[in-house]
Amino acid sequence: MEEERIKSAFELAMERISALPELTPEEKEEQKERECAPVGISLAYKYMEGTLADTDLPVELERCEGSRRQIVRRALITSLCREMSLEKKRAAALKALSGVMRIAPEAKGILQEAEHAYMRILDEFEVEKKKEFAKFQADAVEKLKARGISGTAVRINFDENEQWNRELFCLRQAYEPRLESIRDRIIRELHSN
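Everything in this summary refers to the structure shown in the same document.

About the cut-offs
Residues numbered from 1 in each chain as written. Predicted model: local features only at pLDDT ≥ 70, side-chain atom pairs only at ≥ 80, totals over all residues. Heavy atoms only, no water. Helix = DSSP H or I, 4+ residues; strand = E, 2+ residues; numbered from the N terminus. Contact = heavy atoms within 4.5 Å. Areas by Shrake-Rupley, 256 points an atom, 1.4 Å probe, with all protein chains shown as cover. Core = buried A, V, L, I, M, F, W, Y, C linked by side-chain atoms within 4.5 Å. Buried < 20%, exposed > 50% of the residue type's maximum accessible area, 1.4 Å probe, protein only. Axes fitted to C-alpha atoms, helices over the stretch in contact; angles between N-to-C directions. Parallel < 35°, antiparallel > 145°, perpendicular 65-115°, else oblique. Left-handed = near helix turned anticlockwise from the far one by under 90°. Nonpolar A, V, L, I, M, F, W, Y, C, P; charged D, E, K, R; others polar. Polar contact = N/O pair within 3.5 Å; in protein donor to acceptor, adjacent residues only side chain to side chain. Phe/Tyr/Trp six-rings, centres within 6.5 Å; stacked < 30°, edge-to-face > 60°. Expected span 1.5 Å × (residues − 1). Bend = angle between axes of the 7 residues up to and from the residue.

1. Some thoughts on the overall build of the protein
On a plain count of helices and strands, the protein comes out with seven helices and zero strands. Along the chain direction, N to C, the helices and strands of the protein fall in the order α-α-α-α-α-α-α. Long-range pairs, those at least 24 residues apart, make up 73% of the contacts in the protein with a sequence separation of at least 6. For the protein, the computed accessible surface area is about 13100 Å², with 52% contributed by carbon and sulfur atoms.

Right, here's the structure in full:
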């Protein structure tokens, strides 16, 4: 009797499942994307953290089969391209580009152009940031002198200064579209392969 109820419940579940509509090809593709993309993101994370060598990236990618490999590759490339930012250190962005080159050696020319463009943008940003910081610092010192505060022991904590953080945010916003263009070009070129 007990066995019959379990069997009946199983049969009921199977009937309900069979009554569900079939997934469309787009829904199947989205489902595959949701399942496989985290693998690429995880590979990028492990690589950037140093637990996965750049020589291991192609090996790990080869473990994925068929269309799954393409999804993992796209997610890996996209994740690595996100390392090119104004907030990250140059070394991290260069490492990310090196990783992309390992899994997409056919795009060496594009990636070298991207590296040069990224370095130019970063250099311009740093020069502009230093100029703005010098102006901001001089203004802050003048304001303190006007209040009678001066001397070599006076230090302004710019990390906590809201006005400086707003200035820095605006400066980053001015350079971000150029970086986004570089990232998009890499992703677009390599996703089409």
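2. Thoughts on the nonpolar core
By size, the foremost hydrophobic cluster in this structure holds 45 residues, and its most contacted members are Leu-80, Ile-182, Ile-186 and Leu-190. Secondary-structure elements contributing two or more residues to this core are α2 (25-49), α3 (56-62), α4 (66-81), α5 (90-103), α6 (108-146) and α7 (162-191). Not counting the four nearest positions on each side in its chain, Leu-190 is found in contact with Arg-73, Ile-77, Val-100, Ala-104, Glu-106, Ala-107 and Leu-111.

3. As for the packing of α4 against α5
Look at α4 against α5: their axes get within 9 Å of each other, and the N-to-C directions meet at 155°. It follows that α4 is roughly antiparallel to α5 by the angle criterion. As for how α4 packs across α5, the hand of that crossing is left-handed. On α5, the residues touching Arg-73, Leu-76, Ile-77 and Leu-80 of α4 are Ala-96, Gly-99, Val-100 and Ile-103. Split into classes, the residues belonging to the contact of α4 with α5 amount to six nonpolar, one polar and one charged.

4. Quick notes on the side chain of Ser-85
As for its position among the elements, Ser-85 is in the loop between α4 and α5. Of the polar contacts made by the side chain of Ser-85, one reaches the backbone nitrogen of Glu-87; its length is 3.5 Å.

5. So, the packing of aromatic side chains
In this description, an aromatic ring pair is defined by two values, namely the gap between the centres and the angle between the planes. Counting across every chain of the model gives three aromatic pairs. Ring geometry for Phe-133 and Trp-164: centres 5.2 Å apart, planes at 70°, overall edge-to-face. One end of the pair, Phe-133, is in helix α6; the other, Trp-164, is in helix α7, with 31 residues separating them in the sequence. Judged by relative accessible area, Phe-133 falls into the partly exposed class, the value being 28%. On the basis of relative accessible area, Trp-164 is assigned to the buried category, the value being 6%. Summarising the aromatic geometry, the rings of Phe-136 and Trp-164 are spaced 5.5 Å apart at their centres and angled 45° between planes, so their arrangement reads as tilted. Taken as a pair, Phe-136 in helix α6 and Trp-164 in helix α7 lie far apart in primary sequence, 28 residues in all. Assigned by exposure class, Phe-136 and Trp-164 land together as buried. Clustering of aromatic rings is evident, with ring pairs tying together Phe-133, Phe-136 and Trp-164.

6. Re the packing of α6 against α7
Orientation of α6 relative to α7, taken along the N-to-C sense of each, is 175°, at an axis distance of 10 Å. Considered as vectors, α6 and α7 are oriented roughly antiparallel to each other. The residue makeup of the contact of α6 with α7, split by class, is 17 nonpolar, one polar and eleven charged.

7. Side note on α6
The first and last C-alpha atoms of α6 sit 56 Å apart over 39 residues, in line with the 57 Å expected at 1.5 Å per residue. Of all the residues in α6, the buried ones are Ile-110, Leu-111, Ala-114, Ala-117, Tyr-118, Ile-121, Leu-122, Phe-125, Phe-136, Ala-140 and Leu-144. Lining the buried residues of α6 we find α5 and α7. Gly-148 sits one or two residues past α6 and shows a positive phi near 90°.

8. Quick notes on α7
An α-helical segment advances 3.6 residues per turn. Residues three or four places apart therefore align on the same side. Given a rise of 1.5 Å per residue, 30 residues ought to cover 44 Å, and the 40 Å separating the end C-alpha atoms of α7 matches this to within 8%. The largest bend in α7 amounts to roughly 35° and is located at Tyr-175, with the proline Pro-177 lying one to four residues further along. Three or more residues of α7 are buried, namely Trp-164, Leu-168, Leu-171, Tyr-175, Leu-179, Ile-182, Arg-183, Ile-186, Ile-187 and Leu-190. In this structure, the buried residues of α7 make contact with α4, α5 and α6.

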